[in-house]
Amino acid sequence: MVLSNNDACVIARSAEAKKLGIKMGDPFFKMRALFEQHKIVTFSSNYALYADMSTRVMTVLEEMSPAVEIYSIDEAFMNLQGVSNCKDLEEFGREVRAKVLQWTGLTVGVGIAPTKTLAKLANYSAKKWTKTGGVVDLSLAGRQRKLMALVEVGEVWGVGRRISKKLNDMGIKTALQLADTPTPLIRKHFNIVLERTVRELRGEPCLELEEFAPTKQQIVCSRSFGDRVSEYDLMREAICSHAVRAAEKLRGEHQYCRHISAFIKTSPFAVNEVYYGKTAGTKLQIPTQDTRDIVAAATKCLDAIWQDGHSFQKCGVMLGDFYSQGVAQLGLFDEYQPRSNSEQLMAVLDGINHSGKGRVWFAGQGVQKSWEMKRQMLSPAYTTRFSELMRVKL
DNA sequence: TCTGGGGTCCTAGGACCC
DNA sequence: TCTGGGGTCCTAGGACCC
């Protein structure tokens, strides 16, 4: 099993763990006994490893199809237009699976269909029914309907807990029933998003393949603390560190931001204390990508919401209102002194930090970082750190 | 003792513009 | 006595995704 950050919740389970009734999102501490009893092996999240393996898998997919949309760290959509002229699609699916397995050692499921929503459904069934061999082709309408009749409506992509409940109350229990619901009725009780889902289930494409990731609208850096934080100085270090990371991400996107906010919160689960959670935001005169501006704004926001006497569980920094250049229309009477060499300084900073030879940081980030998250069962960075390469004995 | 992190889209309502 | 028509932008809240 794999745990979320801070070794807090279950986020990935093997088939054996699922059989024991362990659910996605279950808090780890509540189940220690069960874990020990069944000798379940657990790992802290290791995103450096997952991201690297993800890139390898995506590279294989990109080699096999002219257009690939990387949808998440472990999912992608491939455009198979034209492939069906050359070969059977199910056979193609098996080739994808075999090549990914051979080149990365990872097992993937393949779902094939005329729309993204149906392809997700095909993928779901490829995973659920092992006798499919991990590949399901839903090109034919007859097969689509046969499968949809077996699938609960809540399994459909875009149908979450709330909508699922509302649909059930209306008597719509299966994916097929949803597909057969007239769109005006859907529009009356829901919105355009669900209407698209319904149309997609009928085989009418409403969602395009997004080959190139659109530019971000928001950047969030936040973490729960390993131990609760009640001192201002520690909180300031954490806010400062998140601000620094957020600024790095912003420059990675080649963007400038005007809106910066910070939030702090106590645990929503603590029973014997009053919940305290607040956000403060600020808008700069000129868009920036300079860590110094972002740190200054974030700490100013923190000062506006800080309160002594709480045991804080989490904090974060958010960036928004992006521009592709660091310019904006000033007011006629605004006085503004631009920083000189800001871009160059940030480029040097990022250059050093990406070089692998060392890091420079801002004093405000602190040194001890006693507030950092827990990762007590971390797997080695097998593929991204020489000292942790896997050793094989011959 | 202990409950993740990072995103998107849509809608409604209010403020404001000409 | 009577008070239009057509827009934009912003924000908050609700839903969803992995």
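Nothing here was measured: the structure is a model prediction, and the numbers come from that model. (Residues numbered from 1 in each chain as written. Chains lettered and ligands numbered in written order. Predicted model: local features only at pLDDT ≥ 70, side-chain atom pairs only at ≥ 80, totals over all residues. Heavy atoms only, no water.)

Enquirer: How should I be thinking about the packing of helix α6 (residues 116-128) against helix α11 (residues 192-201) in this particular structure?
Expert: Any two packed helices are characterised by how steeply their axes cross, that is the angle between the axes, and by the distance between the axes. Running from N to C, α6 and α11 point in directions that differ by 70°, and their axes come no closer than 7 Å. By the angle class used here, α6 and α11 are roughly perpendicular. Of α11, the residues touching α6 (which contributes K116, T117, L118 and L121) are T197, E200 and L201. Residues of the contact of α6 with α11, tallied by class, amount to three nonpolar, two polar and two charged. (Axes fitted to C-alpha atoms, helices over the stretch in contact; angles between N-to-C directions. Helix = DSSP H or I, 4+ residues; strand = E, 2+ residues; numbered from the N terminus. Parallel < 35°, antiparallel > 145°, perpendicular 65-115°, else oblique. Contact = heavy atoms within 4.5 Å. Nonpolar A, V, L, I, M, F, W, Y, C, P; charged D, E, K, R; others polar.)

Enquirer: Would you take a moment to explain unusual backbone geometry for this structure?
Expert: Glycine aside, residues mostly have negative phi angles, and peptide bonds mostly take the trans form. Non-glycine residue N6 carries a positive phi angle of around 70°. Among the secondary structure elements, N6 is positioned in the loop between β1 (2-3) and β2 (10-12). For N6, a relative accessible area of 18% gives the class buried. Of note, D7 is a non-glycine position whose phi angle comes to about 50°, a positive value. One can find D7 in the loop between β1 and β2. (Buried < 20%, exposed > 50% of the residue type's maximum accessible area, 1.4 Å probe, protein only.)

Enquirer: What is the right way to read the protein's contact with DNA strand C from this model?
Expert: Surrounding DNA strand C, one finds 13 residues, the nearest of these being S72, K120, G158, R162 and I163. Counting only the atoms of DNA strand C that lie within 4 Å of the protein, the sugar and phosphate share comes to 100%. D74 places a side-chain nitrogen or oxygen 3.1 Å from a sugar or linking oxygen of DNA strand C. Between a phosphate oxygen of DNA strand C and a main-chain N or O atom of G158, the distance comes to 3.0 Å. Those elements that provide at least two residues to the surface near DNA strand C are β3 (68-72) and α8 (161-169). When residues of the surface near DNA strand C are assigned to their parent elements, the largest contribution, three residues, is made by α8. Taken together, the residues of the surface near DNA strand C sort by class into five nonpolar, three polar and five charged. (Near = heavy atom within 4 Å. Polar contact = N/O pair within 3.5 Å; in protein donor to acceptor, adjacent residues only side chain to side chain.)

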